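# Survey of secondary and tertiary structure
As a plain string of letters, each chain reads:
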Amino acid sequence: MFCNSKNGEKSPSIAEKSLLLRFIFTTMEISSKYSPQEVEGKWYEHWMDKNYFHSTPDEREPYTIVIPPPNVTGVLHMGHMMNNTIQDILIRRARMQGKNACWVPGTDHASIATEAKVVNKLAQQGIKKTDIGREEFLKHAWDWTHEHGGIILKQLRRLGCSCDWERTSFTMDDIRSKSVIRAFVDLYNKGLIYRGVRMVNWDPKALTALSDEEVIFKDEHSKLFYLRYYLHEDDGTGATGAEGEIIHTDEKGRRYAVVATTRPETIMGDTAMCINPADPKNQWLRGKKVVVPLVNRVIPVIEDDYVDIEFGTGCLKVTPAHDVNDYMLGEKHNLQSINIFNDDATLSEAAGMYIGMSREDCRKQIIIDMKEAGLLEKIEDYNNKVGYSERTNVPIEPKLSMQWFLKMEHLADIALKPVLNGDIKFYPAKYVNLYRHWLENIKDWCISRQLWWGHQIPAYYLPEGGFVVAETPEEALKLAIEKTGNKNLTLKDLRQDDDALDTWFSSWLWPLSLFNGILDPDNAEFKYYYPTNDLITAPDIIFFWVARMIMAGEEYQNEVPFKNVYFTGIVRDKLGRKMSKSLGNSPDPIELIDKFGADGVRMGMMLSAPAGNDILFDEALCEQGRNFCNKIWNALRLVKGWNVDENAVQPEAAKMAVKWFEARFNQVLAETNDNIDKYRLSDALMGIYKLTWDDFCSWYLEMVKAPQGQGVDPATYAATIQFFEHLMLMLHPFMPFITEEIWHAIAERKDGDDIIVAQQPKIQAVDKEALEQYAFLQEFVNNTRGQRSKLNLPNNESIELEIEDTESSWWEKIICVANKLCNIKVNFAKKREKSSICFMVVTKTIGIVNNHIDIEAEIKKLEEDLKYQQGFLKSVEGKLSNEKFVNGAPAAVVEKERKKKADAEERIASIMQQLNELKK
RNA sequence: GGGAGCUUAGCUCAGUUGGUUCAGAGCAUCGCCCUUACAAGGCGGGGGCCGUUGGUUCGAGUCCAACAGUUCCCACCA
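Each residue is numbered by its place in its chain's sequence as written, counting from 1. The naming scheme follows written order: chains are lettered A onward, ligands numbered 1 onward. A pLDDT threshold of at least 70 governs which residues receive local features in this predicted model, and a stricter bar of 80 or more applies before side-chain atom pairs are shown or counted, although totals over entire chains, interfaces and linings include all residues. Only hydrogens and water are set aside when side-chain values are computed; all heavy atoms of the structure are taken into account.

## A few points about the nonpolar core
The condition that has to hold: Think of a nonpolar core as a cluster: buried Ala, Val, Leu, Ile, Met, Phe, Trp, Tyr and Cys residues, connected wherever their side-chain atoms sit within 4.5 Å. Burial classification: accessible surface area is computed with a 1.4 Å probe over protein chains only, and a residue below 20% of its type maximum counts as buried, one above 50% as exposed, and the rest as partly exposed. Elements are defined by DSSP. Helices are runs of H or I of four residues or more, strands are runs of E of two residues or more, and each kind is numbered from the N terminus. Two residues form a contact once any of their heavy atoms are found within 4.5 Å.
Counting residues in hydrophobic clusters, the biggest one holds 203 residues, and the most contacted among them are Leu406, Phe505 and Phe780. Among the elements that take part in this core, helix 20 (residues 681-704) stands out by supplying 13 residues, more than any other. With residues near it in sequence (within four places) discarded, Phe780 still touches Leu801, Trp811, Ile814, Ile815, Ala818, Ile824, Val841 and Ile846. Within the second largest apolar cluster, 35 residues are counted, among which are Tyr230, Ala257, Met268 and Ile367.

Okay, here's the thing in structure tokens:
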């Protein structure tokens, strides 16, 4: 429907369309409601046509953001909305500051999540991934990716995101894949990557190992089971122990120890019982053997001070294959390790019983059987923490297996420095502590995953054992021949490792690999854009991603990957609950945009999003954003409705208004810039909001409005248009669509004169005197309106004031403006005569002539005020007569106290005078 | 178990190195207005022992300590 600038054939250009729009404005009534649906798509298309989002290196200062890549098959949620709104604000602002802004979008292959989805889909068709093999499976995975991928990037366009779409990348595209492989080979050659058998976190649903970061510990109400372990070869005569020993005997006199465990289903893997050698209760067990209940395996009692004497009975069952600590004990005491679980956590042949049963069922059954066999002493309630897989939400099973690891000591070391010395700044700064603590206690990173969807580990196994690591099979073959001396080896003899790499092993290179900085670190783009400027992300991936990107940046470039990290909060619902599908409290962002407009939603997000704080999202905030759009829209309707009278002379009131607003604008502009520089975006937006709504609409426009039926003078009109433009410039990064629309509606624009590429207004010196005058006027008008309200005076009836005139020219200016705002009639007099009651503006006393006033009430109020002022004066005088204060406090503070004293005295005098007059 | 943060109006939050008439903002609420840009609006108003208790100081929302409540992170006690 809209013109494409690449076509020679031109339908109306956007400039022509705006002309049309201006024509419509001036000739016919338009809706008082702003309609984002008619505006947003049009401008996004225009920006794309003009290629404004695309960046190439030039002589300007670069400003770069790389997107935290969302899952390729994901859909937009509120977290993305907030995160990307912030990025777009920063990018648009940088563009308007004359920087070469480049925001690189892309997606992440999300190894586990995507593979799980594809496995599920195949399962519905009755297909197992192992049946079809790796190659066939990957075909399905790519199909899935192409079918469902990239939706989220399209949704970002609705939000207005000005990403450089030509740079859209994917963690599994060619350059990114090759970068990952090269990094792996490089780190392996540096000796930082090794392969070994270790206890890892096993996800029995996804059937893969996980890193420590992918395990989430949850509080669980579970049970502590107390089981009998009979003494081996006990004659049944029982025994009395030494002082302090606790020896259990059954009805036949046989002795047994009691073990407390939360996981009775692992007894088939027990290969020892462990006591603390210093435990007086259990001395009688030293050197003995016990029998595992039900299983009837004889196991030794070992001694280790790892065991907590106070916990349970002080006896610990040791299952080296299924518990991290037991594994350590097993290593230390040279115990046998019996793996009783299959990969999917069902009981294996090795368990000898309950074969094929799930862990959960086995636990239930084993307790029943124990009870029957009289081997269960008791069951207690117990709260403990159980590790769950972040992805599949099933309990992790510790498992001994062969995996690839990345050594962390060196990388942690180089990643710590830039954050501690401030080369990278965190907002909020509190995350620095967290970061340091993690890096200082880091363990090696398990980077292999038993998955197919991802980057396959470039290790190639040789027929005679051993392996080589290389970027390509061909290179691997060369290495293999070198290594073995066997020149007859062919590619077919090499078998590549089946495992894929952890997804984060590709995302940690993101800021480098996006500009091809791993494969070709000398390329011009990389040199121009790297390091990037700001990273906007959530604190829950500070270890997964942020820390590791810093490691990679330092390792490969000896330079930080970004200079600032802005941590957003978690988006919650208005009750403070996390948004989740099951609670149904997560609004669909696209529906929100349909309802409130992208600008409205963006404002709603930003109004309550201070860095690092969780935000409690409420649709009402979007409503506020939408209302703000309407307000701006109506200001446009007003201004566009004005007729310019070329012969009109600028009235004094308008002259003042222009001067005042200009001063106010410059003040807020400076504050806003400062707020944004400190990443206080919600404060910045609120400042612009109030400047626009209050100062511009409620005060300025009311002050300069020409009387009904008259035209506006050219000077005032020009100033108003310029103010309006400046406001839109400030607001554009936050609300891009409506500001572009207004930009084109208020003035004729040449081709390419679009707000998105316009420059931010420059800060001018603030006219402090004008600001003071403006503040006085506001107080004067507010108080007058307050009096009117109290008097119940209708708006169309003048409120008559009496002012003791001491500086008539100054007052005249104030009055002529105030007149436009609050319908007053002013009498100047040397001394007030007609008025019986007064109100005060700063230190000036204004009399009210309209005399249908409750004198008694007025007296009472004045007396209360007098009391307050006297009390205040007393406290100020107290301070000033305190030598320690006068000598100790800074001179400026003392001076201010003196001013307070003088003001208070003036007010008190005025109040007393009024009281005297009223009481006459 | 260890560590960090938070507690200010009905709600969400500002409050910068202790010193403005310091107790603030937005929203919500209440009253009056369909005043010719805007009722998704205008004008006006109410509302808070700044979590509690001590301490430092001439002076504390701001600094210190303890306590209470709350949130998050880390950790191998079965």
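This is not the end of the story, as more comes after the structure.
## A few points about a negative patch on the surface
Quick reminder of the rule: Within this analysis, patches are made of residues with over 30% relative accessible area and no salt bridge. Like charges are joined at 9 Å or less; nonpolar side chains (Val, Leu, Ile, Met, Phe, Trp, Tyr) at 5 Å or less. For accessible areas, the Shrake-Rupley method is used with a probe of radius 1.4 Å. Any residue's cover is judged against the shown protein chains and nothing else. What counts as a salt bridge is simple: a side-chain nitrogen of Lys or Arg found within 4 Å of a carboxyl oxygen of Asp or Glu. Charged-residue counts in this description rest on Lys and Arg as positive and Asp and Glu as negative, His and the chain ends being excluded. Lys charges are placed at NZ, Arg charges at CZ, Asp charges at CG and Glu charges at CD.
On the surface, a cluster of negative charge is made up of Glu662, Asp767, Glu769 and Glu772. Here Glu662 shows up in helix 19 (residues 652-677).

## Examining the side chain of Asn533
With respect to the secondary-structure elements, Asn533 resides in the loop between helix 15 (524-529) and strand 23 (534-537). Of the residues examined, Asn533 reaches a relative accessible area of 13% and is grouped as buried. Sequence-distant contacts of Asn533, that is, excluding residues within four places in its chain, are made with Pro62, Tyr63, Thr64, Phe562, Lys563 and Asn564.

## Thoughts on the environment of Thr145
Quick reminder of the rule: Between N or O atoms, a polar contact is any pair within 3.5 Å; within protein, one atom must be a potential hydrogen donor and the other a potential acceptor, and residues adjacent in sequence are included only when both atoms are from side chains.
Tracing the backbone through its elements, the reader meets Thr145 in helix 5 (residues 129-148). For Thr145, a relative accessible area of 5% translates into the label buried. Between the C-alpha atom of Thr145 and that of Gly160, which follows or precedes it by 15 residues, the distance is 24 Å. Dropping the residues within four chain positions of it, Thr145 is found in contact with Val72, Thr73, Thr114, Phe170 and Trp453. Reaching out from Thr145, the side chain makes a polar contact with the backbone oxygen of Ala141 at a distance of 2.8 Å.

## Considerations on the state of the cysteines
Here is the rule: The rule for a disulfide is simple: a pair of cysteine sulfur atoms within 2.5 Å.
Summed over the entire model, instances satisfying the criterion amount to zero disulfides. Between Cys161, a cysteine without a disulfide, and Cys163, which holds the nearest cysteine sulfur, the sulfur-to-sulfur distance is 5.2 Å. For Cys274, which is in no disulfide, the shortest distance to another cysteine sulfur is to Cys315 and amounts to 9.4 Å. Judged by its relative accessible area of 0%, Cys274 falls in the buried class.

## Focus: the packing of helix 18 (residues 619-640) against helix 22 (residues 736-746)
Heads up, the rule is: To get an axis, a line is fitted to the C-alpha atoms, and for a helix only the part in contact is used. The angle between two axes follows their N-to-C directions and goes from 0 to 180 degrees. Roughly parallel here means an angle under 35 degrees, roughly antiparallel means over 145, roughly perpendicular means 65 to 115, and every remaining angle is called oblique. Classification used: nonpolar for Ala, Val, Leu, Ile, Met, Phe, Trp, Tyr, Cys and Pro, charged for Asp, Glu, Lys and Arg, polar for all others including Gly.
Interaxial distance between helix 18 and helix 22 falls to 11 Å at its minimum, and their mutual angle equals 0°. As judged from the angle between their axes, helix 18 and helix 22 are roughly parallel. On helix 22, the residues that touch Cys629, Ile632, Trp633, Leu636 and Lys640 of helix 18 are Ile738, Glu741, Ile742, Ala745 and Ile746. Partitioned by chemical class, the residues of the contact of helix 18 with helix 22 number eight nonpolar, no polar and two charged.

## A few points about the protein's contact with RNA strand B
Test applied: When at least one non-hydrogen atom of a residue lies within 4 Å of a molecule or strand, that residue is treated as near it.
Surveying the vicinity of RNA strand B reveals 53 residues, the closest of which are Phe311, Asn325, Tyr382, Gln708 and Lys900. Each atom of RNA strand B within 4 Å of the protein belongs either to a base or to sugar and phosphate, the latter forming 55%. A distance of 3.2 Å separates a base nitrogen of RNA strand B from a polar backbone atom of Phe311. When residues of the surface near RNA strand B are assigned to their parent elements, the largest contribution, nine residues, is made by helix 18. For the surface near RNA strand B, the per-class residue count stands at 19 nonpolar, 18 polar and 16 charged.

## Regarding the sheet that holds strand 28 (residues 824-829)
Strands in a sheet are paired, the pairing made by backbone hydrogen bonds, and the direction either parallel or antiparallel. Threshold: Strands pair, by our definition, only if DSSP identifies at least two bridges between them.
Reading across from one edge, 28-27-30-29 is the order of the four strands in this open sheet, with mixed pairing throughout. Whereas interior strands pair on both sides, the edge strands pair on one side only; in this sheet they are strand 28 and strand 29 (837-841). Between one strand and the next, the sheet's axes are offset by a mean angle of 35°, whatever the strand orientation. The sheet contact formed by strand 27 (residues 799-804) and strand 30 (residues 844-848) spans three bridges and is antiparallel. Bridge pairing in strand 30 links Leu801 to Ile848. Seen against the sheet, helix 23 (residues 768-791) touches strand 27, strand 28, strand 29 and strand 30 and runs at an angle of roughly 150° to strand 29.

## Some words on the confidence of the model for chain A
Basically, it comes down to this: Each residue carries a pLDDT value, the predictor's own confidence for that position, ranging from 0 to 100.
Averaged over chain A, the pLDDT score is 90; the fraction of residues at 70 or greater is 95%. Here residues 1-11 is a poorly scored stretch, pLDDT under 50, and it has ten contacts once near neighbours within four places are set aside; other chains count. With pLDDT under 50 throughout, residues 23-28 is counted as low confidence; its partners more than four residues away or in other chains account for eight contacts. Overall fold confidence for the complex sits at a pTM of 0.92, while the interface term, ipTM, reaches 0.95.

## Section: the pattern of salt bridges
For the coordinates displayed, the defined rule picks out 45 salt bridges. As a salt-bridge pair, Arg286 and Glu303 come within 3.1 Å of each other at their nearest N and O atoms. Highlighted residues: Arg286 in the loop between strand 10 (272-275) and strand 11 (289-291) and Glu303 in strand 12 (residues 298-303), separated in sequence by 17 residues. The class of Arg286 is partly exposed, set by a relative accessible area of 38%. According to the relative accessible area criterion, Glu303 is partly exposed, its value standing at 26%. For the salt bridge of Asp343 with Lys399, the shortest nitrogen-to-oxygen distance reads 2.5 Å. Residue Asp343 is located in the loop between helix 8 (324-333) and helix 9 (359-373), and its partner Lys399 is located in strand 15 (residues 397-406); the two are separated by 56 residues in the primary sequence. Given the relative accessible area of 16%, Lys399 is considered buried. Here the salt bridges do not stand alone but share partners, grouping Arg263, Glu265, Arg359, Glu360, Arg363 and Glu397 into one network.

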